[in-house]
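Structure at a glance
Now for the letters of each chain:
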Amino acid sequence: MAKTRVYELARELEINSKDLLVTLHQMGLMAKNHMSTLDDEEVRKVKEVFANKRKKEKPKFRHKEHEEVRKGAKKERRERTRKSPVSHDEHTEDEDYIQRLQARREEIRRSQEEAQRKLFSKVVEISAKGRRKKRKHSSRATREVTVPEKITIGEKIIVQELAELLNVDASEVIKKLIELGVMASLNQEIDGETAALVAAEFGAEAVIKSETEELEALIADTPDAPEDLEPRPPVITVMGHVDHGKTSLLDAIRKTNVAATEAGGITQHIGAYQVEVKGKKITFLDTPGHEAFTAMRARGAQVTDIAVLVVAADDGVMPQTVEAINHARAAGVPIVVAINKIDKPQANPTRVMQQLTEHGLVPEEWGGDTVCVPVSAVTGEGLEQLLEMLLLVAEMEELKANPHRPARGTVIEAKLDKGRGPVATVLVQKGTLRVGDYVIAGTTHGRVRAMMDFRGQRVKEATPSTPVEILGLSDVPNAGDAFCVVEDEKLAREIVEKRIEEQRQRKIAAPGTTLEDLFKKIQEGEVKELNLIIKADVQGTVEALIQALNKLSTPEVRVNIIHSGVGAITETDVMLASASKGLIIGFNVRPDANARKAAEAQKVEIRLYRVIYDVVKEIKAALEGLLEPEYKEVVLGRAEVRETFRIPKVGVVAGCYVTEGKIVRSGKVRVIRDGVVIYEGAIASLKRFKDDVREVVQGHECGVGLDKFQDIKKGDVFEVYTVEEVKKELPT
C-alpha cells in the first residue's frame, strides 16, 4: 500500500502543512509533523473533508465573488429594513466591517506573495552568482591557461602532477578519472596508460617515457670499431645425450678427473674450463645431457662459437642428441661431431654417421661439410685430431672481440656459498673484467671483490672468452642473465631497483589474482596439488628440477612449486612448508641444525637427493598417491522374482530364483523392470528357507528384502554388483 507524506498532501490540497496537521488532529489522525505518512484510506478521508469544506465556504478574493457578497449583504439589509426600520449608522457599520475584512485578507495575501517573491529572487541570485563565478573562472582559464598539445609522463604519475602538466584544475582531472572508473585522490599515483587517457580527454597527447628504458639505454651495448677488435679464444660447448661421455672426453682433454665428482657420474651443473693447445687457448663449456637440463643446454648454445656433439659409437643418436643438434642450429653455430667410445667392441662409427645423415649432418668423408672425428676418452685416441679440427673451425670463423672496453658477458652458473656468499660463474664475451669493477647481472649488482679461474686460482682480470668465478654480488643471479660493467654503484643500484620493481609488477599482474581466476579455481574443485619447496646448490639445477617436475602435472594432480632457491635448507623454508602442507626437496644441499629441529617439531618431510632421476621417480609416486582411484563395477549375479510375500512389520519380500552368478548380501542391487532400472540400493535381508545366509549361488531359490523399497512385482530382475577401486597411474 502506497504511503503519502503530510507535506505532499498539503501541496496537493494547496494549503499549509500546519493547517493540514490541525485538521488531521481534529479528525483523530495522529500525525506528528509534515514528514509523517498517511495511507490511501486516510488520504481519501482528508480529501473528502476538504472537498466538503470548500463546497460550504464562499469563494474569496475574486471580483465577481465580491459583487455577490455585496449583493447578498444589500439584500439582507433591505429585508431587515422592510421588517424593522434600521438607522443609517447601522448600515454604515456593516459596510465598514465588510470592507475592513476584505482589506485585511487582501493584505495577508499580498504579504505572502511578497515573501515568496523575495525567497525566489534570493535563490535566483545565489544560482546566478554561482554561474557567474563558474563562467568567470572558466573564462579566466580559457583566457590565461591553454592545455599543451603534448606532455611527457612516466610509467606512474601523481594526479596533482598530471593536472599541473595539463594546466587544468586537479578537480577536473579527478572528475575525468571518475568517469573512467578510477577512484583516485589528489596525491595518489595512477599508471601511465590511465594518465594518457585523461590527457586525451583534455585534448593532449601523452608520451609515456619509461625510466627503466632511460637507464637501460645508459648501459646498452654499442658496436665496436673494426680496428679495435682483436682475436679471441673460441668458446666450445660440449653437448650430447646423457652418459655418452661428454665429461669424460673433456676430462681427457684437461687431463683431470671431473666426472667422478658428479653424483652417479652424471653432470648436474655447467662446467666452464679453459685449455691451451699449441699456444692457443680454447674455452670449453660442459652441459648436462639429462632431458631435464634443456634450458641449460639452450643457454650453452647461445654463448658458444662451436658445438661439439658427442655421440657414443655403441649407442648411436638418441633424443638428447637430436635436441642438441636443434639447439646448435637455432644458435647458428657450426657443429663438430666427436664419435666417442670407439674403443668398445660393439662400437659402430659408420652406423652413427648414417644416423647423423638422417638429421642433416653429412660427414666430410661422405661429401658433406660436418667434421666427424672418432675419439676415445679412455685411451685418448683421436683427441689431438679433435683439438686441431676445433682450432681449424675457429680460424675459419674469425672470432674477434674488443678487450679495451667495459666487460660484458653471460652468467653461466650461480650458487650461494656458505663462506663466500653469492658466487657466479661468468663468461666474458667483450671487454676486460677487473677486480673492483661494478657489475650488474639481471636483478643483482655488486662490486667484484675477487675473481677465480677454473682452477680456483685468483686472477686480477679476465679477457674475452675467459670463464671466471666472481664474488661480491648482492644476490644469486639467474643462470643465463647478461652481465655488464657500469660506471658506479649508484647507477648499478638504480638500474637493479627498477628491474626488481618491473619484475614485481609482472608477478602481481600475472596470475591469479582476479576474481575470475579465483572462481575458475573453485570450479575446478577436484584438482589436487602437491606443494613443493626446492633448494639446490646452483641455480641451473633449480631450473632443471622445476622443469622436470612441472612435466608430471596432469589435469587431476598438479605439482605446485611454492618456493625455489639456492643454498642450504633453512628454518624459513620449513615454516613455509609447514604453512602450505608442502614437502621440501634438497638437491646437493643439507638442512642446517635449526631447520632440522623445526622440521621435527612441525613434522615437515625433507627429502635429500643427489641424482635427478630419483627426484622425478619419487615425486611421480607421490602424485600417483594423490590421484583419485577409478571405480569399476563388477556384476556378481542376477535373480528373477517368482513371487512376492507381504510379511507384517517387515514389508514385501521377494521370492527369487538365481539365474546366473550369485546373490551376495553385502553387495549392491538394482531392480530392473521391462529393461528399465527402477531402484538402486542395498539388500536388507537374504534368506534361504528360514536361515539368514551370506550368499546364494546360481540354480537356488532365496528370499530377498530390499532396503527402503516395497514396490516389487513378479518378473522383476535383481542385478547384484560390487564397486571395486582401480588405482590410477600417471602417464609415462
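Residues numbered from 1 in each chain as written. Predicted model: local features only at pLDDT ≥ 70, side-chain atom pairs only at ≥ 80, totals over all residues. Heavy atoms only, no water.

Our next topic: the overall build of the chain. Of the regular secondary structure elements, the chain holds 20 helices and 34 strands. Here the chain displays about 42800 Å² of accessible surface, and carbon together with sulfur accounts for 50% of that area. (Helix = DSSP H or I, 4+ residues; strand = E, 2+ residues; numbered from the N terminus. Areas by Shrake-Rupley, 256 points an atom, 1.4 Å probe, with all protein chains shown as cover.)

Moving on, we come to unusual backbone geometry. With the exception of glycine, the majority of residues adopt a negative phi angle, and the majority of peptide bonds are in the trans configuration. Here Asn588, not a glycine, exhibits a phi torsion of approximately 60°, which is positive. As for its position among the elements, Asn588 is in the loop between β25 (583–587) and α19 (593–602). Here the phi dihedral of Lys708 falls at roughly 60°; this positive angle occurs in a residue that is not glycine. Structurally, Lys708 can be placed in the loop between β33 (701–706) and β34 (717–726). Judged by relative accessible area, Lys708 falls into the exposed class, the value being 78%. (Buried < 20%, exposed > 50% of the residue type's maximum accessible area, 1.4 Å probe, protein only.)

What follows deals with helix α6 (residues 159–166). Turning to α6, its buried residues number three or more, namely Val159, Leu162, Ala163 and Leu166. Looking straight down α6, one finds that the buried residues subtend no more than 100° of arc, so they occupy a single side. Elements in contact with the buried residues of α6: β3 (150–153), β4 (156–158), α7 (170–179), β5 (189–191) and α8 (192–201). Taken from the residues just after α6, Asn167 is the one with a positive phi, measuring 60°. (Arc of directions from axis to C-beta. Contact = heavy atoms within 4.5 Å.)

Time to look at the pattern of salt bridges. Counted under the stated rule, the structure contains 25 salt bridges. Residue Glu106 is joined to Arg110 by a salt bridge in which the shortest nitrogen-to-oxygen separation is 3.6 Å. Placement of the pair is Glu106 and Arg110 together in helix α5 (residues 88–144), with a separation of 4 residues, close to one helical turn. Connected through shared salt-bridge partners, Glu633, Arg638, Arg670, Glu680 and Glu719 make up one network. (Salt bridge = Lys/Arg side-chain N within 4 Å of Asp/Glu carboxyl O.)

The strands making up a sheet associate through backbone hydrogen bonding, with each pair oriented either parallel or antiparallel. The antiparallel closed barrel is built from 6 strands, whose spatial order is β15-β16-β21-β19-β18-β22. Recorded for the sheet is a direction-independent mean angle of 45° between the axes of neighbouring strands. Inspection of the sheet shows strand β18 (residues 438–441) paired to strand β22 (residues 482–486) by 4 bridges, in the antiparallel sense. Its bridge partner lying in β22, Ile440 is registered against Cys484. (Pairing = 2+ DSSP bridges. Axes fitted to C-alpha atoms, helices over the stretch in contact; angles between N-to-C directions.)

Here we take up a nonpolar patch on the surface. Together, Phe645, Ile647 and Val650 give the surface a local cluster of nonpolar side chains, amounting to about 270 Å² of exposed area. Along the chain, the position of Phe645 falls in strand β27 (residues 630–647). Assessed through its relative accessible area of 45%, Phe645 is described here as partly exposed. (Patch = residues over 30% accessible without salt bridge, like charges linked within 9 Å, V, L, I, M, F, W, Y side chains within 5 Å.)

Attention now goes to the nonpolar core. The nonpolar side chains of a soluble globular protein tend to be buried with one another. Counting residues in each nonpolar core, the largest one holds 38 residues, and the members touching the most others are Val426, Leu433, Ile470, Leu532, Leu549, Val615 and Ile619. Taken domain by domain, the makeup of this core includes at least three residues from each of domain 4 (408–507) and domain 5 (526–625). Of all hydrophobic cores here, the second largest spans 28 residues; its members include Val238, Ile282, Leu387 and Leu391. (Core = buried A, V, L, I, M, F, W, Y, C linked by side-chain atoms within 4.5 Å. Domains from an automatic or database assignment.)

The subject of this paragraph is the packing of α6 against α7. Packed helices, taken two at a time, are described by the angle their axes make and the gap between the axes. Viewed as axis vectors pointing N to C, α6 and α7 meet at an angle of 115°, and their least axial separation amounts to 9 Å. Regarding the angle of α6 to α7, the classification is roughly perpendicular. Read as a crossing pair, α6 and α7 show a hand that is right-handed. Counted together, Val159, Gln160, Leu162 and Ala163 of α6 and Ala170, Val173, Ile174 and Leu177 of α7 form the full contact between these two elements. Here the contact of α6 with α7 is built from residues that sort into 7 nonpolar, 1 polar and no charged. (Parallel < 35°, antiparallel > 145°, perpendicular 65-115°, else oblique. Left-handed = near helix turned anticlockwise from the far one by under 90°. Nonpolar A, V, L, I, M, F, W, Y, C, P; charged D, E, K, R; others polar.)

Here we come to the side chain of Arg232. As for its position among the elements, Arg232 is in the loop between β7 (230–231) and β8 (235–240). Not counting residues within four places of it along the chain, the set of residues in contact with Arg232 comprises Asp305, Leu399, Lys400, Ala401, Pro464 and Ser465.

What follows covers the pairing of strand β29 (residues 668–673). Among the 6 residues in β29, 5 count as buried, and that is most of the element. Bridging between β29 and strand β30 (residues 676–688) involves 6 bridges; their strand directions are antiparallel. Following the sheet pairing, Ile672 is matched in β30 by Val677. The antiparallel hairpin formed by β29 and β30 contains 2 residues in its connecting segment, where Asp674 sits at a positive phi of about 55°. Summarising the sheet, β29 and β34 pair through 5 bridges and their orientation is antiparallel. Bridging from a neighbouring strand, Val669 pairs with Val720 of β34.

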